Amino acid sequence: MTLLSDIISASAHLHSSNHLPSDEYDCRIRELVEYWRRLQTTKALESFANDESFLDRFDPAIDSIPFLFVLRVQIQKVQELNADLFPADIRPSGKLWTRAAQFLASFDGVQVRYAGREWRLLVELVGQASQAASTPLLGATLVKNAMLRLDPSCAVFTSSHLLLVRLCLQAKAYSCALPVLNKQICHFPISLGRPSSEPSVLCADHGSSVSFMTEASGVSSKISYRDYLQYFLYGGMVYMALKEWRKALHFLGIVISMPSTSSVSLIMVEAYKKWVLVGLLEKGKLIYFREQLCPPPSITTPHVVKVYQSLARPYIILAHTFERGDLKKLNAEIDAAMGVWSADKNLGLVAQVVAVFFSQTVIKLGKTFAALTMADLSKQVFPSPVCAEVTGPAVSSLIMSRALNATLVQTKDHAESSMLRFSSIHSLPRLSHELDLQSQLKQEMKLMETLLINLGETNDNLGLSDEYVDSLHKGQIWSGSSEVNPTGGETGLEMDEDLMGDMS
Amino acid sequence: MELPLLTMEQLSQLVASNPPLSQLFEALSRYELQACLISTGSNGPNAGGDDSTLLSMFYSSFFLVHLLTDQVLDARSEARALTKRIPETLLQYDPSLQNCLTLLRAVWQTQHAQVYQVLRGLPWPDALQPLVRRYESFFQDKTLIAVSRSYEAIRLATAAIHLGLDEQLAEKEDPNIISNFTKCGWSWDSESKLLHPKPIVVSPTEPQSSNGIRKAMAMLGTRAC
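None of the values given here were measured: they were computed from a predicted structure.

Cut-offs applied
- Residues numbered from 1 in each chain as written.
- Chains lettered and ligands numbered in written order.
- Predicted model: local features only at pLDDT ≥ 70, side-chain atom pairs only at ≥ 80, totals over all residues.
- Heavy atoms only, no water.
- Helix = DSSP H or I, 4+ residues; strand = E, 2+ residues; numbered from the N terminus.
- Buried < 20%, exposed > 50% of the residue type's maximum accessible area, 1.4 Å probe, protein only.
- Contact = heavy atoms within 4.5 Å.
- Areas by Shrake-Rupley, 256 points an atom, 1.4 Å probe, with all protein chains shown as cover.
- Domains from an automatic or database assignment.
- Buried area = accessible area lost by both parts, 1.4 Å probe.
- Salt bridge = Lys/Arg side-chain N within 4 Å of Asp/Glu carboxyl O.
- Polar contact = N/O pair within 3.5 Å; in protein donor to acceptor, adjacent residues only side chain to side chain.
- Nonpolar A, V, L, I, M, F, W, Y, C, P; charged D, E, K, R; others polar.
- Pairing = 2+ DSSP bridges.
- Axes fitted to C-alpha atoms, helices over the stretch in contact; angles between N-to-C directions.

Moving on, we come to the overall build of chain B. Scanning chain B from terminus to terminus reveals twelve helices and three strands. Split into buried and exposed, the 225 residues of chain B put 45% on the buried side. Within chain B, counting contacts between residues at least 6 apart in sequence, those at least 24 apart form 61% of the total. For chain B, the exposed area adds up to about 11,400 Å²; of that, 53% sits on carbon and sulfur atoms.

Along the backbone of chain A there are 22 helices and three strands. Relative to its 504 residues, chain A shows a buried fraction of 47%. Pairs at least 24 residues apart make up 69% of the contacts formed inside chain A by residues separated by at least 6 positions. By element, 55% of the accessible surface of chain A is carried by carbon and sulfur atoms, the whole surface being about 24,800 Å².

Our next topic: the domain arrangement of chain B. Residue and element names in this part refer to chain B. Taken as a whole, chain B is organised into domain 1 (1-128) and domain 2 (151-225). Summing the contributions of domain 1 and of domain 2, the shared interface buries around 330 Å²; its carbon and sulfur component is 44%. Sorting the residues of domain 1 by area buried against domain 2 places His112, Tyr116 and Arg120 first, and these three jointly supply 86% of that buried surface. Counting across the domain 1 and domain 2 interface gives zero salt bridges. Summed over the shared surface of domain 1 and domain 2, the result is three residue pairs in polar contact (both at pLDDT 80 or more). Its residues assigned to classes, the side of domain 1 that touches domain 2 shows two nonpolar, one polar and one charged.

Quick look at the sheet that holds strand β3 (residues 194-196) of chain B now. Pairing is mixed in the open sheet, where six strands are placed in the order β1(A)-β3(A)-β2(A)-β1(B)-β3(B)-β2(B). Of all strands in the sheet, those bounded by a partner on one side alone are β1 (371-373) of chain A together with β2 (187-189) of chain B. Strand-to-strand twist of the sheet, defined as the mean angle between neighbouring strand axes without regard to direction, takes the value 30°. With two bridges connecting them, strand β1 (residues 151-155) of chain B and β3(B) associate as antiparallel partners.

Structure representation (structure tokens):
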């Protein structure tokens, strides 16, 4: 009875602290979390572990910390009593699952910053239990909502990111991952911070979530190089499933340009193979850089590029054949390496490459011709004669889906072939294009705003004040530019190198 | 906000109330979790013998609502992903879901005549009729916009096929068919027997302003050095 009244009064104490200044509220929550951790370690909560109605005393939106700790204890108890790691109570629609779902949908994001480890364990449990029950969609939805609730910017990479994308792929609920995937990741959880600095007031309003999503907070388990690669590979796969080729290319580009000193991860090789195919689907060609054969983004080291090219030979041959525009040879190459596509699980992408060959060939013709009749177009595209009845609807479909910027001119006579005009006289599509461009610019602006906020935070964490960067910049100009930037790379890279030199 | 239990009555009521698309999509997205539990038999004591009818109705409705969200996302990919989440046995044997698959194929291959045929000719349950009709009207409008932008001159019969109008009447130059297009500002040349479409521009949902661009440029200016 004493413990119960103690618990109730400790929670009530926090309710009355809402109006306090941040630093005092911070102290109160820290005390409350310590109190609950103590109760947990001393097994004092054992008596409530089987009491289902005990959680009714707490509202997860207001008493997030007590609710979370009691729920954790009850889950542990159920797991101890059952040989199964995911007994019925924890699985979807089980009693504790329902409680967990209630919590993850309504917890107070500020309070949970102080109990990051317990929050993360619950999120992981929900994800794993949904997988065990073959209902990953349920886990994915809860994990996504919980992540966005804790950190709406999702700018700090955590182990939950990988869990979410994996669940979404398993559930085939690709768009469920988008609210997180579409956010820019700007940080890893930072370590304890500068030794001289005061512990951060977690409950304060922070410009960037990196201030409270720290390594010490426990919101993320230990992240490895592999986790990071997998997240971006899986993210790329989500975009591929949704046919958002440009975003898929971006994600795969991150994987294949990962710095590597000696060995190359198989994940990177896998991403490279997909990158070649997605490049064909998006741009209709191999992506060239500085006249070299199919290298990935500029920051990829040359030895890694060589490894890719030797391990992904059939893909490069396929891409070159595609570029040459010979459908017969393309089909022959695809048939010859059928085992490779199948073993790499890229058969679906390769099939789409064939499908996109027609549209890309027609688009290329637009660079040479101003207009073509359907009959002439058929002759140009297909190796063997194909009747205009096949070409006509295919071209019309391309134009209507806006994959091809052209117009069709039919004639009165059915027997007479329609004309395809590449240089459209319609002014409105151009206007519509401008509207699209304007909305793209808006999106880019939002992205820039996010990046600027996070860049400022990164500078702070690295101890880079604006004055320091300015003096560094001036110093580089004075010392002569030829040696400062031998690669002609981005300024951010030079800055990092100089920073490291300064610290050593 | 607590969602009422997924039942036939609840679903029929939701569909028939004709709510804004975003609300309908949101509600059905949330119901998918319940549908998922029902299909795995984890919905506890409420599970009944009519589960397959309920699931068929739910997934068919959600499928059509996916197709209706075409302005926002590539609806075809989303709808296709949904069909991968439907329990395999249900998908294989349920007539409504089979209709959905045929519809998806026709939409995917932009076979407009086939799309109208599936929507009008195949048997759809009464409860789904409001969504089927809504999609038909949506598809017709969307195609009209696309045709107006894609053709400089088009035969009346071809336009009629795209819009799901009577092709034979179009061949006979029926004035009613012609007026369907001329009222959109298209011109009909009776000599050449061709329609000349006037491109239709859809105004963006959000008001566009050039302030955004100025702000973006200013931001770039402060960072470029």
